[in-house]
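Single-letter residue listing:
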Amino acid sequence: MVQSKARIGALQIGIILLTIATALVHLGLGISTPLVMFILNGIGYLVLVAALYLPIPQLVPYRALIRWALVAFAAVTIVGWILIGDKTLIIGYPTKVVEVILIVLLVMEARQK
């Protein structure tokens, strides 16, 4: 029988908090500078982390794929920022550091599975 609940430990809490943090930054940017891409980015982060950890039995077989989708999503966000983003010390760089750490934690989690 496949386990429907994801085990939530320190690693998963870190992933959830970092994902929510970067989602909130992007949603805030989308609201303050009415750019739909920021709003969609924030929503994308929230949907992926919810799909990864909420106890939804239909998603259990896809958790590994969802985890890698979140890695790819964060990586594409970083690349997009490198190509066209604002290189600010207040929001830009710190948010990218959060996303890099998020990727590292997701890879660590994948290696545990």
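What this report covers is the structure whose coordinates are included nearby. (Residues numbered from 1 in each chain as written. Predicted model: local features only at pLDDT ≥ 70, side-chain atom pairs only at ≥ 80, totals over all residues. Heavy atoms only, no water.)

With that out of the way, let us pick up helix α1 (residues 10-32). Between its terminal C-alpha atoms α1 stretches 33 Å, which fits the 33 Å expected from 23 residues at 1.5 Å a residue. Turning to α1, its buried residues number three or more, namely L11, Q12, G14, I15, L18, T19, T22, A23, H26, L27 and G30. (Helix = DSSP H or I, 4+ residues; strand = E, 2+ residues; numbered from the N terminus. Expected span 1.5 Å × (residues − 1). Buried < 20%, exposed > 50% of the residue type's maximum accessible area, 1.4 Å probe, protein only.)

What follows concerns a nonpolar patch on the surface. A contiguous nonpolar patch, built from L35, M37, V79, I82, L83 and I84 and spanning about 630 Å² of accessible area, is present on the exposed surface. Counting residues per element, the nonpolar patch draws most heavily on helix α3 (residues 63-84), which supplies four residues. Its place among the elements puts V79 in helix α3. (Patch = residues over 30% accessible without salt bridge, like charges linked within 9 Å, V, L, I, M, F, W, Y side chains within 5 Å. Areas by Shrake-Rupley, 256 points an atom, 1.4 Å probe, with all protein chains shown as cover. Salt bridge = Lys/Arg side-chain N within 4 Å of Asp/Glu carboxyl O.)

End to end, helix α2 (residues 36-53) covers 26 Å across 18 residues, agreeing with the expected 26 Å (1.5 Å per residue, within 8%). Buried residues of α2: N41, G42, G44, Y45, L48, V49, A51, L52 and Y53, and no others. Buried positions along α2 lie against α1, α3 and α4 (92-112). (Contact = heavy atoms within 4.5 Å.)

Inspection of the secondary structure assignment puts T22 in helix α1. Here E99 takes part through its side chain, which lies 2.7 Å from a polar atom of the side chain of T22. For T22, the contacting residues outside a window of four places in its chain are Y45, T95, V98 and E99. (Polar contact = N/O pair within 3.5 Å; in protein donor to acceptor, adjacent residues only side chain to side chain.)

To continue, consider the environment of L106. Counting through the fold element by element, L106 comes out in helix α4. As for L106 and L70, which are separated by 36 residues in sequence, their C-alpha atoms are 8.1 Å apart.

This paragraph deals with the packing of α3 against α4. Helices that pack against each other are described as a pair by the angle of their axes relative to one another and the distance between those axes. Packing of α3 against α4 leaves a shortest axis separation of 9 Å and a crossing angle of 155°. Judged by the angle between their axes, α3 and α4 are roughly antiparallel. When the axes of α3 and α4 are compared, the crossing they make is left-handed. Judged by residue contacts, R67, W68, L70, V71, A74, A75, T77, I78 and W81 of α3 engage G92, Y93, K96, E99, V100, L102, I103, L106, V107, E109 and A110 from α4. A per-class count over the contact of α3 with α4 returns 14 nonpolar, two polar and four charged. (Axes fitted to C-alpha atoms, helices over the stretch in contact; angles between N-to-C directions. Parallel < 35°, antiparallel > 145°, perpendicular 65-115°, else oblique. Left-handed = near helix turned anticlockwise from the far one by under 90°. Nonpolar A, V, L, I, M, F, W, Y, C, P; charged D, E, K, R; others polar.)

This part covers the packing of α2 against α4. Direction vectors running N to C along α2 and α4 enclose 20°, while the axes themselves pass 15 Å from each other. Accordingly, the angle class assigned to the pair α2 and α4 is roughly parallel. The two elements α2 and α4 meet at a crossing, and its hand is left-handed. Of the residues in α4, those touching α2 at Y45, L52 and Y53 are E99, L102, L106 and E109. Looking at side-chain class alone, the contact of α2 with α4 contains five nonpolar, no polar and two charged residues.

To continue, consider the pattern of salt bridges. If you walk through the whole model with that rule in mind, you get two salt bridges. One salt bridge in this structure joins E109 and R67, with 2.8 Å as the shortest N-O distance. Residue E109 is located in helix α4, and its partner R67 is located in helix α3; the two are separated by 42 residues in the primary sequence. Looking at E109, the relative accessible area reads 1%, which means it is buried.

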